[in-house]
Amino acid sequence: MRENIVSVTYTAKDITVLEGLEAVRKRPGMYIGSTGPRGLHHLVYEVVDNSIDEALAGYCKNIVVMIKEGNIIEVSDDGRGIPVGVIPKYKKTAVEIVLTVLHAGGKFGGEGYKVSGGLHGVGVSVVNALSESLTVEVSRDDKVYRQSFAYGKPTTALEEVGKSKKTGTKITFLPDKTVFEELDFSFDTIRQRMREMAFLNKDLKIDLIDERVEPHEMVEYKYSGGITDFIKHLNSTKEPLHKKVIYFESSDGGSQVEVAMQYNTGYIESVFTFANNINTHEGGTHLSGFRSALTRTINDYARKKGLLKEKEENLSGEDIREGLTAIISVKLREPQFEGQTKTKLGNTEIRGLVESTVGSKLDEFLEENPATAKLIISKTIQAAHARAAARKARELTRRKSLLESTSLPGKLADCSLTDPSLSEIYLVEGDSAGGSAKQARDRSFQAILPLKGKILNVEKARLNKILSSEEILAIITALGTGIGEDFDVGNARYHRVIIMTDADVDGAHIRTLILTFFYRYMLPMIESGYVYIAQSPLYKIMHDGLTKYFYKDRELEEYLNKLNKNPNVQRYKGLGEMNPEQLWDTTMNPEKRTLLKVNMEDAIVADEIFSILMGDKVEPRRDYIIKHAKDVRFLDI
Ligand code: 0RA
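How each quantity is defined
Residues numbered from 1 in each chain as written. Predicted model: local features only at pLDDT ≥ 70, side-chain atom pairs only at ≥ 80, totals over all residues. Heavy atoms only, no water. Helix = DSSP H or I, 4+ residues; strand = E, 2+ residues; numbered from the N terminus. Buried < 20%, exposed > 50% of the residue type's maximum accessible area, 1.4 Å probe, protein only. Contact = heavy atoms within 4.5 Å. Areas by Shrake-Rupley, 256 points an atom, 1.4 Å probe, with all protein chains shown as cover. Core = buried A, V, L, I, M, F, W, Y, C linked by side-chain atoms within 4.5 Å. Pairing = 2+ DSSP bridges. Axes fitted to C-alpha atoms, helices over the stretch in contact; angles between N-to-C directions. UniProt positions renumbered as here; feature names shortened; annotations may be inferred. Polar contact = N/O pair within 3.5 Å; in protein donor to acceptor, adjacent residues only side chain to side chain. Phe/Tyr/Trp six-rings, centres within 6.5 Å; stacked < 30°, edge-to-face > 60°. Lys NZ or Arg CZ within 6 Å of the ring centre and 35° of its normal. pLDDT = per-residue confidence, 0-100. Near = heavy atom within 4 Å. Nonpolar A, V, L, I, M, F, W, Y, C, P; charged D, E, K, R; others polar. Arc of directions from axis to C-beta.

## Looking at the overall build of the protein chain
Alright, step 1. Across its full length, the protein chain holds 20 helices and 26 strands.
Alright, step 2. The burial tally for the protein chain puts 52% of its 637 residues in the buried class.
Alright, step 3. Expressed as a percentage of contacts within the protein chain between residues at least 6 apart in sequence, the contacts between residues at least 24 apart total 69%.
Alright, step 4. In the form shown here, the protein chain has an accessible surface area of approximately 29,400 Å², with 50% of it arising from carbon and sulfur atoms.

Quick look at the structure:
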């Protein structure tokens, strides 16, 4: 047996965190973030990440993920297989160590890129600890080995169970029902993630199969273009400004950089960054290297070609990124993840590598593709002009506010408290519901801003046009955050912004328009957890002197089934049908209401959904709505 891993120097210093898996079971949230749906899905990603590490090391080409009956997950790969030899120091097999010791997985890898931060990279042992049962099967050295566990503890030894010429690892697990709030894997959520992994790892094939439904649902992802294909996908709901996706790569001292980018005719910047396949939501050194190289190179080129005159100001970074879709993916040996959510890359050496790669290769591209270069430069110049116009419009609103004693919109019924952390504002669809809400509210901490019908679709307009919309100006001034370059979430006058629209198609549309505005222009409000959706009831029934409200069809059905009489059911079509007291009882009273917090689980998916729902192309929108017609959750990003 070839068991060289035994000699890996694994000193006491390395074993700083040989905590038992008991710690994981005691505080699962510490290791997987939460015990809700997010944490549950992290189990799958964690196991897949280990297979992807094998792919990064160059040994694995195929990964199959199955969701089996009863929400059992099976992940198999054709990598080298976890080593099966006994590690003398522990007198246990490497398989058992990897599955039962925290953070052990990466230690044996030695070569290759290992993830060592963020939520991922905690190791498969965490998945094992949080599983009612887990079985690992390793094919290696012409043999097949198997070992089983329950709640992280071995229930069998590692046994030889067969012969095979292949190599690889298969991990099958059933999450512990007593740990997770609900044991229900979402095919769509896992699918999005697997597609992203396939985009980020060129030529890696990932199959996802859902065996819980008949016929089984299956998708296969394999992209020979890697992140170039990712860009094509992201821009497929938009109109590209130029045909070819611009792509660069380079490597240096063990680090690898890949950049793919393409402009579209829209106004949104969609730049996504990854380090070792982890989405670095908070950016970091790779992003800042990219931004500074892009700004410098475009300005230099525009000057060199006389497209930007001597007396004209440099184009700003923001102008240059308008309508840009880009992916920056770096792979490095020891990534440092920083920031609040540990998704900000800290390695300083990467900044220089990205900057020099983008700088030299982008200039080369522009020189070789003058027609495309011209399109890009003229788009950024247009953006600069629009931004100047927007600045003027903003200055006007600012000056007005200096002159008038109060700059707040006339329609706003403000609250009396001034502490933002205690204050909330309802953005209400329509003047009549707005009127009821004003009567219903607790004026000490609840402000009401009625909005007239459909607000402007910000997906299709530049900031200067957006600032000419009365409804949007009212939102901006009421919130007090400013907009564009002046935006500061720290100035928010309310830490709860509650969108309250009718529970019908129009209401859903208005809600999406408002959410689009927050997503595109006030993202930090969402990231700070300040944006909510009010849940108003769909039905009211009265019987035996009781009044009950129902927020979902299913809840009403269940209640009526239990009740052996036929009470009078009132269906609410809009907020306007409720009197102020009912509105307070069902939707506004903090002691009784349910608010949905809008969170940005996945900016890439959100970007896609907003482009589909709000963009120019009709086809993708129709397909999306048909597919998700029954799924009301899709709007609550
Ligand atoms: C430790 C060392 C080696 C591979 C692995 C772990 C490994 C772990 C998992 C988990 C899922 N799939 C996996 N594939 C491999 C290196 C083995 C060697 O040097 O031969």
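Once you've had a look at it, read on.
## Focus: the nonpolar core
As a rule of thumb, soluble globular proteins bury nonpolar side chains together.
Alright, step 1. In this structure, Val44, Leu99, Phe173 and Ile327 are the most contacted members of the largest nonpolar core, which totals 65 residues.
Alright, step 2. A per-element tally of this core places helix α3 (residues 37–56) first, with nine residues.
Alright, step 3. Apart from the residues lying within four places of it in its own chain, the contact partners of Leu99 are Leu21, Ile82, Val124, Ser125, Asn128, Leu134, Val136 and Phe149.

## Describing the sheet that holds strand β16 (residues 324–331)
Remark on secondary structure: sheet strands pair via backbone hydrogen bonds, oriented parallel or antiparallel.
Alright, step 1. The five strands lie next to each other as β12-β13-β16-β14-β15, forming an open sheet whose pairing is mixed. Only two strands of the sheet have a single partner each, and these edge strands are β12 (246–252) and β15 (278–279).
Alright, step 2. Direction of pairing for strand β14 (residues 270–275) relative to β16: parallel, over a ladder of six bridges. Looking at β16, one finds that Phe274 is bridged to Ser329.
Alright, step 3. Against the sheet, helix α6 (residues 187–200) engages β14, β15 and β16, with an angle of about 75 degrees to β16.
Alright, step 4. On the sheet, helix α8 (residues 285–304) packs against β13 (255–263), β14 and β16 and is oriented at approximately 130 degrees with respect to β16.

## Considering the UniProt feature "binding site: Mg(2+) 2" (unreviewed entry) in the protein chain
Alright, step 1. Here the UniProt feature "binding site: Mg(2+) 2" (unreviewed entry) sits at Asp502 and Asp504.
Alright, step 2. Among residues more than four places away in sequence, those in contact with Asp502 are Glu429, Gly507, Ala508, Lys573, Gly574 and Leu575.
Alright, step 3. On the secondary structure map, Asp504 appears in the loop between β21 (496–500) and α15 (505–521).

## As for unusual backbone geometry
Alright, step 1. With an omega of -10 degrees, the peptide bond between Glu214 and Pro215 qualifies as cis.
Alright, step 2. Positionally, Pro215 belongs in the loop between β10 (205–210) and β11 (217–221).
Alright, step 3. Unlike most non-glycine residues, Asn71 shows phi in positive territory, near 60 degrees.
Alright, step 4. Along the chain, Asn71 falls in the loop between β1 (62–68) and β2 (72–77).
Alright, step 5. The exposure class of Asn71 is buried, given its relative accessible area of 10%.

## Comments concerning the side chain of Thr100
Alright, step 1. Tracing the backbone through its elements, the reader meets Thr100 in helix α4 (residues 94–100).
Alright, step 2. Polar contacts involving the side chain of Thr100 include one to the main-chain carbonyl oxygen of Glu96, which spans 2.5 Å.
Alright, step 3. With sequence-adjacent residues up to four places away left out, Thr100 is seen in contact with Leu21, Ser125, Asn128, Phe149, Gly152 and Pro154.

## A look at the packing of aromatic side chains
Alright, step 1. Counted by the stated rule, this structure contains seven aromatic pairs.
Alright, step 2. Each ring, one from Tyr221 and one from Tyr223, has its centre 6.3 Å from the other, and the planes form 20 degrees; the classification is stacked.
Alright, step 3. Under the relative-accessibility criterion, Tyr223 is labelled buried at 16%.
Alright, step 4. Pairwise contacts between aromatic rings join Phe199, Tyr221, Tyr223, Phe230 and Phe274 into one cluster.
Alright, step 5. Above the ring of Tyr45, the side-chain terminus of Arg193 is found at 4.6 Å from the ring centroid.

## A word on the confidence of the model for the protein chain
Alright, step 1. Summary statistics for the protein chain give a mean pLDDT of 87 and a share of 90% for residues scoring 70 or more.
Alright, step 2. Within the model, pLDDT remains below 50 along residues 1–18, and this stretch shows 28 contacts once partners closer than five positions in the same chain are excluded.
Alright, step 3. Considering only residues more than four positions removed or in separate chains, one finds that residues 402–406, a stretch of pLDDT under 50, has zero contacts.

## A few points about the pairing of β1
Alright, step 1. Sheet analysis places β1 next to β10, joined by six bridges and oriented parallel. Paired with Ile67 across the two strands is Asp210, which belongs to β10.
Alright, step 2. Taken together, the six bridges between β1 and β2 define a ladder with antiparallel strand orientation. Of the residues in β2, the one forming a bridge with Val64 is Ser76.
Alright, step 3. Counted between consecutive antiparallel strands, the loop separating β1 from β2 contains three residues, among which Gly70 sits at a positive phi close to 80 degrees.

## Notes on the site of the ligand
Alright, step 1. Around the ligand, a shell composed of eleven residues is seen, among which Asn50, Glu54, Asp77, Ile82 and Arg140 lie nearest.
Alright, step 2. Between the ligand and Asp77, the relevant distance is 2.7 Å, taken from a nitrogen atom to a side-chain nitrogen or oxygen of the residue.
Alright, step 3. Between the ligand and the protein, one listed contact pairs an oxygen atom with a side-chain N or O atom of Arg80 at 3.5 Å.
Alright, step 4. Taking 460 Å² as the accessible area of the ligand by itself, protein coverage stands at 94%.
Alright, step 5. Here the element with the most residues in the shell around the ligand is α3; it accounts for three residues.
Alright, step 6. Of the residues that constitute the shell around the ligand, the class distribution is three nonpolar, three polar and five charged.

## A short note on helix α12 (residues 431–440)
Alright, step 1. Buried within α12 we find Ala433, Gly434, Ser436, Ala437 and Ala440. Take α12 and look down its axis: the buried residues cluster within an arc of 160 degrees, on one side only. Structural note: α12 exposes Ser432 and Gln439 on the side pointing more than 90 degrees away from its buried face.
Alright, step 2. Where α12 is buried, its residues meet β19 (424–429), β20 (446–451), β21 and α18 (580–588).

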